[in-house]
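Residue-level listing of the chains:
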Amino acid sequence: MTQSKHSGAERSWFAGLMMSGEITPKQYSVYLKQQHECYTALEDRFNTVEGSINPIPEELKRAPNIMKDLKELSEDIENIPVFESTNRYVDYILNTCEVDLLYAHVYVRYLGDLKGGQMIATRVPGEGKYYQFQNAEKLEAFIRLQLREDKDFVKECDNCFDSAIALFNALKSHFS
């Protein structure tokens, strides 16, 4: 099931725009603002969980690098809108998602950044710090050690892909 959701996200209008190399700094900044909100929530949630799951390694965290990219591309970050789909995801991560399923979101988001993000980084405006990792192989191995194959984990991965698809739809509406 997760593979079809992954394919759906990859085939979205906005993903195509990023891969085309024709995305503008303004379009990419709006996307980055949404990503910053999502990653900040996920990383903050891990910071509040004690002992029950492994913390995210510092070198894996993306929110600081996303903010660096935003600052490079936009002088008016505070006025970039945050979409309702982003707010729903943030609320879900902070208030609803079960702690033992948080790594489903790490798997979808961070592993995607480690893998596919490398292609995206060469096609978007700016330095692309969001997609720059030290010790990528080590980080990938760490993420894979956290994975489970039970139906709840797979369903949570699908939920994360659904939120990405909702964001891509919101971006399409915003720029249409």
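Going by the structure above, here's the rest.
Thresholds applied
- Residues numbered from 1 in each chain as written.
- Predicted model: local features only at pLDDT ≥ 70, side-chain atom pairs only at ≥ 80, totals over all residues.
- Heavy atoms only, no water.
- Axes fitted to C-alpha atoms, helices over the stretch in contact; angles between N-to-C directions.
- Helix = DSSP H or I, 4+ residues; strand = E, 2+ residues; numbered from the N terminus.
- Parallel < 35°, antiparallel > 145°, perpendicular 65-115°, else oblique.
- Contact = heavy atoms within 4.5 Å.
- Nonpolar A, V, L, I, M, F, W, Y, C, P; charged D, E, K, R; others polar.
- 1 Å grid on protein atoms, 1.4 Å probe; cavity = no way out; pocket = protein on both sides within 12 Å on 5 of 7 lines; lining within 4 Å.
- Points joined across faces, edges and corners; volume = space filled by probe spheres on them.
- Core = buried A, V, L, I, M, F, W, Y, C linked by side-chain atoms within 4.5 Å.
- Buried < 20%, exposed > 50% of the residue type's maximum accessible area, 1.4 Å probe, protein only.

Novice: Quick one: what's the story with the packing of helix H3 (residues 25–48) against helix H5 (residues 84–95), residue by residue and with numbers?
Specialist: Put simply, H3 and H5 touch, their axes get as near as 9 Å, and they point 5 degrees apart. Classed by the angle they form, the pair H3 and H5 counts as roughly parallel. Side by side, H3 and H5 meet where Gln-34, Glu-37, Cys-38, Ala-41, Leu-42 and Arg-45 of the first sit next to Thr-86, Tyr-89, Val-90, Ile-93 and Leu-94 of the second. In terms of residue class, the contact of H3 with H5 is built from seven nonpolar, two polar and two charged.

Novice: Describe empty space enclosed by the protein, and please don't skip the residues or the numbers.
Specialist: Across all of its chains, the model carries one cavity of 30 Å³ or more by this definition. Taken as a whole, the largest cavity holds about 30 Å³ of empty space. Contributing to the lining of the largest cavity are Cys-38, Ser-85, Thr-86, Arg-109, Ser-163, Ala-164 and Leu-167. Secondary structure elements with two or more residues in the lining of the largest cavity: H5 and helix H9 (151–175). Broken down by element, the lining of the largest cavity gets its largest block of residues, three residues, from H9. Its residues assigned to classes, the lining of the largest cavity comprises three nonpolar, three polar and one charged.

Novice: Please provide a residue-by-residue account of the nonpolar core, values included.
Specialist: In terms of nonpolar packing, the biggest core is built from 52 residues, with Tyr-28, Tyr-31, Leu-60 and Val-106 touching the most fellow members. Those elements that provide at least two residues to this core are helix H2 (13–20), H3, helix H4 (63–73), H5, helix H6 (102–114), helix H8 (136–145) and H9. The greatest single-element share of this core, amounting to nine residues, is contributed by H3. Dropping the residues within four chain positions of it, Val-106 is found in contact with Leu-42, Phe-46, Ile-56, Leu-60, Leu-111 and Ile-143.

Novice: Which residues make up unusual backbone geometry, and what are the values?
Specialist: Positive phi, close to 60 degrees, is recorded for Asn-135, a residue that is not glycine. Assignment of secondary structure puts Asn-135 in the loop between helix H7 (117–121) and H8. The partly exposed category is assigned to Asn-135, whose relative accessible area is 45%.

Novice: Quick one: what's the story with the layout of surface pockets, residue by residue and with numbers?
Specialist: Leftover empty space is mapped by rolling, across the atoms, a probe with the size of a water molecule. One number sums up the size of the second largest pocket: a volume of about 150 Å³. Lining of the second largest pocket is provided by Glu-58, Glu-59, Lys-61, Arg-62, Pro-64, Asn-65, Gln-132, Phe-133 and Gln-134. Class assignment of the residues belonging to the lining of the second largest pocket gives a composition of two nonpolar, three polar and four charged.

Novice: Can you explain the side chain of Asn-65? Please cite residues and give values.
Specialist: Among the secondary structure elements, Asn-65 is positioned in helix H4. If we skip the residues at most four places from it in the chain, Asn-65 touches Lys-129, Tyr-130 and Gln-132.

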